[in-house]
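Okay, here's what each chain looks like letter by letter:
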Amino acid sequence: MVFGFGRTPKPAINPSQPLPPVLPPEAPGNGRLFLHKILEESRGALDAPGFELLTTNLDQKWTVHSKAVQGSKLTLVRLEAEVPMPADSLFRLLTSMDGKRIIDPFPREHHAEPIKALRRPPGGGKAGIVYSEAPRFAGMLRPREYVTCDAEAPTEHFFVCKSCLVPEGSYAQAQKGHVRANLLFAMRVKERKGARDSSQLQMVNWLDLGGNTVPEWIANLVTERWYFQGAMRRLHTYIAQHKAST
C-alpha cells in the first residue's frame, strides 16, 4: 500500500534547513583528497537532517523524502527502505550490472567505461573516473552523458557516483549533440539488528540533466515521485523472481 500519490502537490521542502550547495564537479588533482571530499559529501547527504516525507509504502517498507539544496532549484531525494536480503548480498547485487539496471531504468549505450583509476577507498574497495552515456529518452531528452567518480567501500557497504571533470582529452567536453549531466548519487546498506536476513538501505539522488533540457519542476517531479519508487518496484520484482527460481 502506497501513500503520497494523487494528493494535491505541495512543497516538500524545508527552506529553513537547506543542504549546503552540492559541490560542483572538479578534476581529481590529488586523488586521495579528491576521493575523501566526495565520500564525505555523500555521507553528509545521506545523514542530513530536515528531510520531509513524500511517500510511504507500508507493504514493501520504504519511504521517500525530499530536501532543498542551497543555491539550486533541484531537490535532493532520499530513500529509506527495509529490504529482505542480508546486507552483504544486497550490496553485491546493487553494485553489479543487474543492480545498475535496478537503480537506473534508462538504457545506457555505454556504462561506466573506465577513464582513470583512483586510490582505493579506506578499508578497500575500488574507485575510478568513468564515462556513461544515455540515449535520447522518449524523443524528449537530448542524449546525456556522465563523467563520474564511482567509488565502492565494501566494508562500509557504501557506494557513491559523483560528477567530476576531466580537464584534457576527449572527455573534457560533451560530445556533439549531447549534454553533460551533473549527478550526485550515494547508497549505503546497513545490517538490521536482530534481523540477519534483512537490511536497511539508504540512497540519495540529486540530478541536473544539463543544458536546460527540462524545467526544474518537471525534474523534481520525476526524482520525487517516480525515481526511487520505480527502483524499489524493480528491486522487489528481482528478489521475488530469484526466490521463485531457487
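Here the structure is a predicted model, which means the values were calculated and not measured.

Asks: Tell me about empty space enclosed by the protein, and name the residues and values.
Replies: Taken as a whole and assessed by the stated rule, the structure comprises one cavity of 30 Å³ or more. Approximately 50 Å³ is the volume attributed to the largest cavity. What lines the largest cavity is Leu 23, Pro 24, Pro 25, Glu 26, Phe 34, Lys 37, Ile 38, Glu 41, Lys 162, Ser 163 and Cys 164. Looking at the lining of the largest cavity, the elements that each hand over two or more residues are helix 1 (31-47) and strand 8 (158-163). Ranked by residue count, the leading element in the lining of the largest cavity is helix 1, at four residues. Here the lining of the largest cavity is composed, by residue class, of six nonpolar, one polar and four charged.

Asks: Please provide a residue-by-residue account of the pairing of strand 7 (residues 144-153), values included.
Replies: In regular strands, side chains alternate between the two faces of the sheet. Counting buried residues in strand 7 gives 10 out of 10 residues, a clear majority hidden from the surface. Bridge count for strand 6 (residues 126-134) against strand 7 is nine bridges, and the pairing is antiparallel. From the neighbouring strand, Ala 134 faces strand 7, where its bridge partner is Arg 144. Here strand 7 pairs with strand 9 (residues 179-180) via two bridges, running parallel. If you follow Glu 145 over to strand 9, its bridge partner there is Arg 180. As judged from the six bridges shared by strand 7 and strand 8, these two strands associate in the antiparallel manner. Along strand 8, the bridge assignment pairs Cys 149 with Lys 162.

Asks: Summarise helix 1; cite the residues concerned and give the values.
Replies: When the terminal C-alpha atoms of helix 1 are compared, their 24 Å separation across 17 residues agrees well with the 24 Å that a helix rising 1.5 Å per residue should span. All of the buried residues along helix 1 are Gly 31, Phe 34, Leu 35, Ile 38, Leu 39, Glu 41, Ser 42, Arg 43, Ala 45 and Leu 46. Looking at the buried positions of helix 1, the neighbouring elements they touch are strand 4 (76-83), strand 6, strand 7, strand 8, strand 10 (182-192) and strand 11 (195-208).

Asks: Could you give me a rundown of the environment of His 178, with the residues and numbers involved?
Replies: One can find His 178 in the loop between strand 8 and strand 9. In sequence terms His 178 and Arg 144 are 34 residues apart; their C-alpha atoms lie 5.4 Å from each other. A polar contact of 3.4 Å, which involves the side chain of His 178, links it to the backbone oxygen of Lys 176.

Asks: Break down the pairing of strand 2 (residues 52-57) for me, citing the residues and quoting the values.
Replies: The sheet contact formed by strand 2 and strand 3 (residues 62-67) spans five bridges and is antiparallel. Paired with Leu 53 across the two strands is His 65, which belongs to strand 3. Counted along the chain from strand 2 to the antiparallel partner strand 3, the turn is four residues long, and its residue Lys 61 has a positive phi close to 60°.

Asks: So what about unusual backbone geometry? Which residues, and what values?
Replies: Backbone geometry at Lys 61 places phi at a positive 60°, although glycine is not the residue there. Positioned with a positive phi, His 157 is a non-glycine residue whose angle comes to about 55°. Topologically, His 157 is positioned in the loop between strand 7 and strand 8. Classification of His 157 by relative accessible area gives buried; the value is 10%.

Asks: Quick rundown of the pattern of salt bridges? Include the residues and the values.
Replies: Taken as a whole and assessed by the stated rule, the structure comprises nine salt bridges. Notably, a salt bridge pairs Glu 80 with Arg 78, separated by 3.4 Å at the nearest N-O pair. Each member of the pair, Glu 80 together with Arg 78, is buried. For Arg 180, the salt bridge is made with Glu 145, and the minimal N-O distance between the two is 2.8 Å.

Asks: I'd love a proper account of the nonpolar core, names of residues and values included.
Replies: Phe 185, Leu 201 and Leu 235 are the most contacted members of the largest nonpolar core, which totals 33 residues. Going through the elements one at a time, strand 3, strand 4, helix 2 (87-94), helix 3 (97-103), strand 8, strand 10, strand 11 and helix 4 (216-245) are the ones with two or more residues in this core. Sort the elements by how many residues they give to this core and helix 4 lands first, with six residues. Contact partners of Phe 185, with chain neighbours within four places excluded, come to Ile 103, Phe 159, Val 160, Cys 161, Met 203, Val 204, Asn 205, Tyr 227 and Phe 228. One finds Leu 39, Ala 48, Leu 74 and Ala 219 within the second-largest nonpolar core, a separate group that totals 30 residues.

Asks: Can you lay out the packing of aromatic side chains for me, pointing to particular residues and giving the numbers?
Replies: A complete count under the given rule lists three aromatic pairs for this structure. Ring geometry for Tyr 131 versus Tyr 171: centroids 5.2 Å apart, planes at 50°, classification tilted. Of the two residues, Tyr 131 is situated in strand 6 and Tyr 171 in the loop between strand 8 and strand 9; the sequence distance between them amounts to 40 residues. We classify Tyr 131 as buried; its relative accessible area is 4%. Looking at Tyr 171, the relative accessible area reads 23%, which means it is partly exposed. Pairing Tyr 227 with Phe 228 gives two aromatic rings, centres 4.9 Å apart and planes at 55°, and the pair type is tilted. Taken as a pair, Tyr 227 and Phe 228 share a single burial class, namely buried. The cationic tip of Arg 43 hangs over the ring face of Phe 158; the distance from NZ or CZ to the ring centre is 5.2 Å.

Criteria and cut-off values
- Residues numbered from 1 in each chain as written.
- Predicted model: local features only at pLDDT ≥ 70, side-chain atom pairs only at ≥ 80, totals over all residues.
- Heavy atoms only, no water.
- 1 Å grid on protein atoms, 1.4 Å probe; cavity = no way out; pocket = protein on both sides within 12 Å on 5 of 7 lines; lining within 4 Å.
- Points joined across faces, edges and corners; volume = space filled by probe spheres on them.
- Helix = DSSP H or I, 4+ residues; strand = E, 2+ residues; numbered from the N terminus.
- Nonpolar A, V, L, I, M, F, W, Y, C, P; charged D, E, K, R; others polar.
- Buried < 20%, exposed > 50% of the residue type's maximum accessible area, 1.4 Å probe, protein only.
- Pairing = 2+ DSSP bridges.
- Expected span 1.5 Å × (residues − 1).
- Contact = heavy atoms within 4.5 Å.
- Polar contact = N/O pair within 3.5 Å; in protein donor to acceptor, adjacent residues only side chain to side chain.
- Salt bridge = Lys/Arg side-chain N within 4 Å of Asp/Glu carboxyl O.
- Core = buried A, V, L, I, M, F, W, Y, C linked by side-chain atoms within 4.5 Å.
- Phe/Tyr/Trp six-rings, centres within 6.5 Å; stacked < 30°, edge-to-face > 60°.
- Lys NZ or Arg CZ within 6 Å of the ring centre and 35° of its normal.

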